[in-house]
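# Working through the structure, step by step
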Amino acid sequence: MGGAGMGAVEALLAAVASFIVVTLIFAAIFLFCKRKEKQRTCQTRGITRTQPDRFTQLNSISVCDSASFDPSLNQISMAELAKATKNFSSDLIIGDGSFGFVYKATLSNGVTVAIKKLDENAFQGFREFRAEMETLGRLRHKNIVQILGYCISDLDRVLIYEFIEKGSLDQWLHDTSSNDDVAESKPLDSLLPLSWDTRVMVVRGVANALAYLHGLDKPIIHRDIKSSNVLLDSNFEAHIADFGLARRIDPSHSHVSTQVAGTMGYMPPEYMDGNTAATVMLDVYSFGILMIEIATQMRPNLPVRLDKKEVGLVEWARTMVRRNKEMEMVDANISREGLSEVKIKEYFRIASMCTKEKSRERPAMSNVVQLLDGLVA
């Protein structure tokens, strides 16, 4: 009897084990099929614009996988994005954003967009993807690049933006080559320097965008303001781009602690002192550097000759302002005809305020906007 009882127990255990194994196999097959189906089928999400503008035709663009946008009619897939970019051909690269390249592409509905494909091997790229979706996807401002959607497929992360016709400010300031094809419609004006009035308009556009970001209920710090992250449209209006390093500030805190972020030449002096707290004053400093760069056409990360020695751009600018040589600071390619020395001096005074060594002495961007408005009054 004991032997028979043990045999029955063993048989029961074997049956239970077989049932569990079969169940696990079926579950694995089911999950595998569901995963394949998800890869083949994109959940369509669209973008509803809260205000009419020249990009209303882009409302029909939708995205793959989950998104915080409202449903739309059309659908876009990773396959279509690959087709539109010729499988992300280097020939279509129009920019090199943080952690990924930006491509110009025309979708099947005829709409031209900018597509940023994040580097799948960079973990930081996934953080950037999330940062851009959490910030740029909710922002609506005429001086901020509009994100139209995104697409996710396995490790691929792709962001879709409105296409800004005339490329980056950096290219207009520092790349004067005759074969510049950033905008096909400007074979001649690509050789011409930006006028002083145009440069002031660009500065005011960036200032307005930053004032908007800093004035939100939960302020956003861009953390990488520089000329290559400012795009110019057909009317030379400025649009801030690349929010991969952006951070939101909790209203109950004056800053967020983070790693050093930004680009050499634009980063504030407090970083050099080991203070990595990100506050809105970080953006103010970078903006002040950008103002100097736009007016002088000098790169912030390169030394400048002053009194037979090399110094940084900020030190050079401060010294020139103290010596009342503001007019000499203006890019030599700009015509002096019609320039107001009073307004030039005020321009550099504002830039000097924004680049103060101590962050608490820098003005808020809302005040900077008011000061800049006085330059065109």
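Located above this text is the structure these notes cover.
Here is a short report on the structure shown in this document. Keep in mind the model is a prediction, meaning the values are calculated, not measured. (Residues numbered from 1 in each chain as written. Predicted model: local features only at pLDDT ≥ 70, side-chain atom pairs only at ≥ 80, totals over all residues. Heavy atoms only, no water.)

## Some thoughts on the pattern of salt bridges
Scanning all chains against the criterion turns up 10 salt bridges. When the shortest N-O distance is used, the salt bridge between Asp170 and Arg299 registers 3.0 Å. Of this pair, Asp170 sits in helix 4 (residues 169–174) while Arg299 sits in the loop between helix 7 (280–296) and strand 12 (304–306), and the two are 129 residues apart along the sequence. On the basis of relative accessibility, which here comes to 17%, the residue Asp170 falls in the buried class. Across the salt bridge formed by Glu346 and Arg349, the nearest N and O atoms sit 2.8 Å from each other. Of the two residues, Glu346 and Arg349 both sit in helix 10 (residues 341–354), three residues apart, roughly one turn of that helix. The class for Glu346 is partly exposed, based on a relative accessible area of 22%. Looking at Arg349, the relative accessible area reads 38%, which means it is partly exposed. (Salt bridge = Lys/Arg side-chain N within 4 Å of Asp/Glu carboxyl O. Helix = DSSP H or I, 4+ residues; strand = E, 2+ residues; numbered from the N terminus. Buried < 20%, exposed > 50% of the residue type's maximum accessible area, 1.4 Å probe, protein only.)

## Concerning helix 11 (residues 365–373)
Residues of helix 11 that are buried: Met365, Val368, Val369 and Leu372. Viewed end-on, helix 11 has its buried residues packed into an arc of 105°, placing them on one side of the element. Against the buried residues of helix 11 lie helix 5 (196–214), helix 7 and helix 10. (Arc of directions from axis to C-beta. Contact = heavy atoms within 4.5 Å.)

## Digging into the packing of aromatic side chains
Summed over the entire model, instances satisfying the criterion amount to four aromatic pairs. Arranged with centres 5.4 Å apart and planes meeting at 70°, the rings of Phe88 and Tyr103 form a pair that is edge-to-face. With Phe88 in the loop between helix 2 (78–84) and strand 1 (93–97) and Tyr103 in strand 2 (residues 100–106), this pair connects stretches of sequence that are 15 residues apart. One exposure class covers both Phe88 and Tyr103, and it is buried. An aromatic cluster of three or more residues is present, and its members are Trp196, Tyr347 and Phe348. Geometry around Phe88 places Lys117 over its ring, the cationic atom sitting 5.4 Å from the centre. (Phe/Tyr/Trp six-rings, centres within 6.5 Å; stacked < 30°, edge-to-face > 60°. Lys NZ or Arg CZ within 6 Å of the ring centre and 35° of its normal.)

## Concerning the nonpolar core
Formed by 54 residues in total, the largest nonpolar core has its most connected members in Leu169, Trp196, Phe287, Trp316, Tyr347 and Leu372. Apart from the residues lying within four places of it in its own chain, the contact partners of Trp196 are Ala295, Val330, Ile334, Leu339, Ile344 and Tyr347. Among the nonpolar cores identified, the runner-up in size contains 15 residues, and Leu81, Ala84, Cys151 and Val158 belong to it. (Core = buried A, V, L, I, M, F, W, Y, C linked by side-chain atoms within 4.5 Å.)

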